[in-house]
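# Structure at a glance
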Amino acid sequence: MRSIAFISVIIILAACGNTQQQPEKESAAAVQDTVPVFILKQDTVKKTIELPAELIPYENAELFAKVQGFVRAMKVDLGDRVKKGQTLAIIEAPEVNSRFAESEAALQSAKAKWASSRDNYERLLRASQAKTPGIVAPVDLERNRNLMLADSATYVAASKQSQAYKEVSGYLYITAPFDGVITARKADPGSLVGSNAMLLTVQNNRTLRLRAAVPEIYTAAASISKNIDFRVDAYPTQRFKAVLTRKSETIDPGTRTELWEFQVNNSDHLLKAGSFAYVKIALERGTSSFIVPFAAVATTQEKKFVIRVHQGKAEWVDIRQGMTVDAGIEIFGNIAVGDTLLKKATDERKPGSTGFWVLK
């Protein structure tokens, strides 16, 4: 019986020894820090972005009355298509027509007076050139010459004034400045209008401008193709084509964007000016870049950085962030091809710390 009791005590002591050794082994395993890393490589950044845009008419003109008068006729209405030079409205202003008639009469009078004085001067000039001396006194010849020049100047002034009144009378006819459609009508026959009264709005919507504000970060990326496609809410299942035609070449300080303009052929008149659109733009960085996983960039209140393994120790490297793509983030900084970076950077891993770096 004693031997059995002794054996039981030995077994209990051995079990207690094992329970004390197990936490020691677990704590030793926990001390070993395994950190996934990767080797930095260069790549070309390619990205397609979708930006909000707006469709506007290629040409837009608000037509105002240039003289005060009454609308005698409105020859077009909302939605009518017009041709360049077509008469759209006629304004009645009797005083303008009267001034033009008076200027025409004054012009004819000045012309007749100038013709008469010119004829007198030419007659005296020929007489003064005769062989018989003293037929025309030099003072009379000079006086008639000055009179002819004065009448000539009066005729030129009357001609200019008549031309001005003629142009003013032409303002009574409102014509289309280009081919387009009437999108607004603000006056009816009989309405009194002045020089500040808008009568009609004409838009050329056969060709549309598609304008998109491109964020500054994307403006340096070269577009793979000038041909892009876009969509509008009115046709959710259909995509339309556009061609990049111009850029503003400046960054708006308020929005930090550059205005890009595309040209849209709207000969079928499906699209409406003023519509909201969504444009897809393919971008490609002109030079090779470094793309790292999103978790490889750590951000604090002071800076952004990645953690590089240098001589077996962690090292913080400040970086600047570029474009984001599906594969990760484009970064710039004091980094090079072949550097070993941590897949997950955090400010908890201090510079100079070590670990078991595992390439994954």
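What counts and how
- Residues numbered from 1 in each chain as written.
- Predicted model: local features only at pLDDT ≥ 70, side-chain atom pairs only at ≥ 80, totals over all residues.
- Heavy atoms only, no water.
- pLDDT = per-residue confidence, 0-100.
- Helix = DSSP H or I, 4+ residues; strand = E, 2+ residues; numbered from the N terminus.
- Contact = heavy atoms within 4.5 Å.
- Buried < 20%, exposed > 50% of the residue type's maximum accessible area, 1.4 Å probe, protein only.
- Pairing = 2+ DSSP bridges.
- Phe/Tyr/Trp six-rings, centres within 6.5 Å; stacked < 30°, edge-to-face > 60°.
- Lys NZ or Arg CZ within 6 Å of the ring centre and 35° of its normal.
- Patch = residues over 30% accessible without salt bridge, like charges linked within 9 Å, V, L, I, M, F, W, Y side chains within 5 Å.
- Areas by Shrake-Rupley, 256 points an atom, 1.4 Å probe, with all protein chains shown as cover.
- Salt bridge = Lys/Arg side-chain N within 4 Å of Asp/Glu carboxyl O.
- Lys, Arg positive; Asp, Glu negative; His and termini not counted.
- Charge placed at Lys NZ, Arg CZ, Asp CG, Glu CD.

## Considerations on the confidence of the model for the chain
When pLDDT is averaged along the chain, the result is 83, and 86% of the positions lie at 70 or above. The least confident element of the chain, judged by mean pLDDT, is helix α1 (residues 2-31) at 45; the most confident is strand β14 (residues 257-265) at 95. Below a pLDDT of 50 lies the segment residues 1-30, which in the model reaches zero contacts outside its immediate sequence neighbourhood of four places, other chains included.

## Overview of the environment of Glu59
Of note, Glu59 is situated in strand β3 (residues 46-64). Accessibility expressed as a relative area gives 31% for Glu59, which makes it partly exposed. Separated by 148 residues in the primary sequence, Glu59 and Thr207 have C-alpha atoms spaced 8.5 Å apart. With near-sequence residues (within four places) excluded, Glu59 lies in contact with Phe178, Val202, Gln203 and Asn204.

## Side note on the sheet that holds strand β4 (residues 69-74)
Here we have four strands laid out as an open sheet, ordered β7-β6-β4-β9, and antiparallel in their pairing. Looking along the sheet, the strands with just one partner apiece sit at the ends: β7 (173-175) and β9 (192-193).

## Comments concerning the side chain of Thr201
As for its position among the elements, Thr201 is in strand β10 (residues 198-215). For Thr201, a relative accessible area of 7% gives the class buried.

## Here's the deal with the packing of aromatic side chains
Both the distance between ring centres and the angle between the ring planes are used here to describe each pair of aromatic rings. For the structure on display, the rule yields five aromatic pairs. With a centroid separation of 5.8 Å and 70 degrees between ring planes, the pair formed by Tyr235 and Phe240 is classed as edge-to-face. In this arrangement the basic side chain of Arg118 is found over the ring face of Trp114, its NZ or CZ atom lying 4.4 Å from the centre. Stacked on the ring of Tyr278, the Lys or Arg Arg231 has its end atom at 4.2 Å from the ring centre.

## A short note on a positive patch on the surface
A cluster of basic residues, Arg81, Lys83, Arg206 and Lys272, forms a positive patch on the protein surface. Within the fold, Arg81 resides in strand β5 (residues 81-82).

## Considering unusual backbone geometry
In this structure, Arg256 takes a positive phi of about 55 degrees despite not being glycine. Inspection of the secondary structure puts Arg256 in the loop between β13 (235-247) and β14. Of note in the backbone geometry, His269 takes a positive phi value of approximately 60 degrees without being a glycine. Its location among the elements puts His269 in the loop between β14 and β15 (276-284).

## Comments concerning the pairing of β3
Looking at chain direction, β3 and β15 are connected through nine bridges and run antiparallel. Paired with Thr48 across the strands is Ala282, a residue of β15.

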